[in-house]
Amino acid sequence: MNHFELFGLPFQFQLDGSLLATQFRELQRHFHPDNFATASERDRLMAVQKAAQINDAFQTLKNPISRAEYMLSVNGVDIRGEQKTLQDPAFLMQQMELREELEEIPESSDPQSALFDFEQHASTLYKAQLVELEQLLVDENWEVAADAVRKLKFIVKLREEVERLEDSLLD
């Protein structure tokens with residue numbers, strides 16, 4: 001049983017987060033190891049394993065990147081933990097330029113405004129990459145979707161750098 005089946009959800013990237021959370025709470029309630037405290041050793045062990053599986057599946061499905069990676073792995077393209085380099089020079093150049101732009105923000109005349117604008121741009125890139133990834137997964141274009149996930153990881157790291165800069169500017 002895959003993670004989507006476990007939660008009674010369709011195998012698709014677009015997910016109803018509130019339904020996922022509701023299903024998670026219901027499964028947790030039903031399979032919580034405390035419910036099996038007086039059961040046999042075997043049943044207690046199985047309850048612990050099932051609870052761990054439910055927690056792992058929930059963590060995987062609630063995060064868009066891990067959800068996409070999971071969908072790819074189910075379809076024979078396992079990129080979780082890989083060290084493969086992205087082979088898109090234009091995208092990599094864009095990322096390099098964005099990081100340089102981000103580094104210059106603290107020295108700008110209005111760093112907070114510049115950072116706000118930059119964050120908006122990074123957020124737009126993130127949303128566009130999610131839309132592209134979703135379409136590739138719908139189309140079952142697994143290898144190209146794997147590259148879209150790799151790109152999304154770059155954008156997520158960029159957004160994390162924006163948050164770090166924001167924290168340092170506010171201190």
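Figured I'd write up the structure that's included with this text. (Residues numbered from 1 in each chain as written. Predicted model: local features only at pLDDT ≥ 70, side-chain atom pairs only at ≥ 80, totals over all residues. Heavy atoms only, no water.)

## Considering the overall build of the protein
To keep it simple, the criterion reads: Secondary structure counts use DSSP, requiring at least four H or I residues in a row for a helix and at least two E residues in a row for a strand, with both numbered from the N terminus. Burial classes follow relative accessibility: with a 1.4 Å probe on protein chains only, a residue under 20% of its type's maximum area counts as buried, one over 50% as exposed, and anything between as partly exposed.
Helix and strand content of the protein: seven helices and zero strands. For the protein, the sequential pattern of α-helices and β-strands runs α-α-α-α-α-α-α. When the backbone C-alpha atoms are referred to their principal axes, the protein occupies close to 65 × 40 × 30 Å. Within the protein, the fraction of its 171 residues that count as buried is 35%.

## A short note on the packing of helix 2 (residues 17–31) against helix 3 (residues 41–62)
Which entries qualify depends on this criterion: Inter-axis angles, ranging from 0 to 180 degrees, are taken between N-to-C directions of lines fitted to C-alpha atoms, where helices are fitted over the stretch in contact. Orientation categories follow fixed angle ranges, with anything under 35 degrees roughly parallel, anything over 145 roughly antiparallel, 65 to 115 roughly perpendicular, and all other angles oblique. Contacts: residue pairs with any heavy atoms within 4.5 Å of one another.
At a minimum axis distance of 10 Å, the contact between helix 2 and helix 3 shows a crossing angle of 170 degrees. For the element pair helix 2 / helix 3, the angle class is roughly antiparallel. Along its contact with helix 2, which presents Leu20, Ala21, Phe24, Leu27, Gln28 and Phe31, the element helix 3 presents Ala47, Lys50, Ala51, Ile54, Asn55, Phe58, Leu61 and Lys62.

## Description of the pattern of salt bridges
Our working rule: By convention in these notes, a salt bridge is any Lys or Arg side-chain nitrogen within 4 Å of a carboxyl oxygen on Asp or Glu.
In the structure shown here, the tally under the stated rule is eight salt bridges. A salt bridge links Glu41 to Arg44; the nearest nitrogen and oxygen atoms lie 2.4 Å apart. Of this pair, Glu41 and Arg44 both sit in helix 3, three residues apart, which is roughly one turn of that helix. Note that Lys153 and Glu69 form a salt bridge whose closest N and O atoms lie 2.5 Å from each other. Separated by 84 residues along the polypeptide, Lys153 in helix 7 (residues 142–170) and Glu69 in helix 4 (residues 64–74) bring together distant segments of the chain. We classify Glu69 as buried; its relative accessible area is 8%.

## Digging into the side chain of Asn2
Short version of the rule: Polar contacts, as used here, are pairs of N or O atoms within 3.5 Å; protein pairs need one atom able to donate a hydrogen and one able to accept it. Residues neighboring in sequence count only if both atoms are side-chain atoms.
You can see Asn2 is positioned in the segment before helix 1 (3–6). Judged by relative accessible area, Asn2 falls into the buried class, the value being 17%. At a separation of 2.9 Å, a polar atom in the side chain of Asn2 contacts the main-chain amide nitrogen of Glu5.

## Observations concerning the packing of aromatic side chains
To keep it simple, the criterion reads: Classification of ring pairs rests on two measures: the distance between centres of Phe, Tyr or Trp rings, Trp counted by its six-membered ring, which must be within 6.5 Å, and the angle between planes, read as stacked under 30 degrees, edge-to-face over 60 and tilted in between.
The final tally for this structure, using the stated rule, is four aromatic pairs. Relative to Phe11, the ring of Phe4 has its centre 4.8 Å away and its plane inclined at 65 degrees; by these criteria the two rings are edge-to-face. Classification of Phe11 by relative accessible area gives partly exposed; the value is 33%. With a centroid separation of 4.0 Å and an interplanar angle of 15 degrees, the aromatic rings of Phe24 and Phe58 are classed as stacked. Taken together, the residues span a long stretch of sequence, with Phe24 in helix 2 and Phe58 in helix 3 at a distance of 34 residues.

## Quick notes on the side chain of Gln129
Within the secondary structure, Gln129 is located in helix 6 (residues 111–138). Take Gln129: its relative accessible area is 7%, and that puts it in the buried class. Beyond its immediate stretch of four places on either side in the chain, Gln129 contacts Ala148, Lys151, Leu152 and Ile155.

## Observations regarding the nonpolar core
Nonpolar side chains tend to gather and get buried jointly when the protein is soluble and globular. Counted only if it meets this: What makes a nonpolar core is a set of buried Ala, Val, Leu, Ile, Met, Phe, Trp, Tyr and Cys residues whose side-chain atoms join them at distances within 4.5 Å.
Within the largest apolar cluster, 44 residues are counted, with the highest numbers of intra-cluster contacts made by Phe7, Leu72, Leu102, Leu133 and Leu137. At the level of secondary structure, the elements contributing two or more residues to this core comprise helix 1, helix 2, helix 3, helix 4, helix 5 (89–104), helix 6 and helix 7. By residue number, the principal contributor to this core is helix 7, which donates 10 residues. Apart from residues lying up to four places away in sequence, Leu137 is in contact with Phe13, Ala68, Met71, Leu72, Trp142 and Ala145.

## Description of the packing of helix 5 against helix 6
To keep it simple, the criterion reads: Handedness of each helix crossing follows the sense of rotation of the near helix against the far helix: counterclockwise by less than a right angle gives left-handed, clockwise gives right-handed. For this classification, the nonpolar set comprises Ala, Val, Leu, Ile, Met, Phe, Trp, Tyr, Cys and Pro, the charged set comprises Asp, Glu, Lys and Arg, and every other residue, Gly included, is treated as polar.
Relative orientation of the contacting elements helix 5 and helix 6 amounts to 160 degrees, with a least axis distance of 11 Å. It follows that helix 5 is roughly antiparallel to helix 6 by the angle criterion. By crossing handedness, the relation of helix 5 to helix 6 is classed as left-handed. Between helix 5, through Gln94, Leu98, Glu101 and Leu102, and helix 6, the contact on the second element is made entirely by Leu115, Phe118, His121 and Leu125. The residue inventory of the contact of helix 5 with helix 6, partitioned by class, reads five nonpolar, two polar and one charged.

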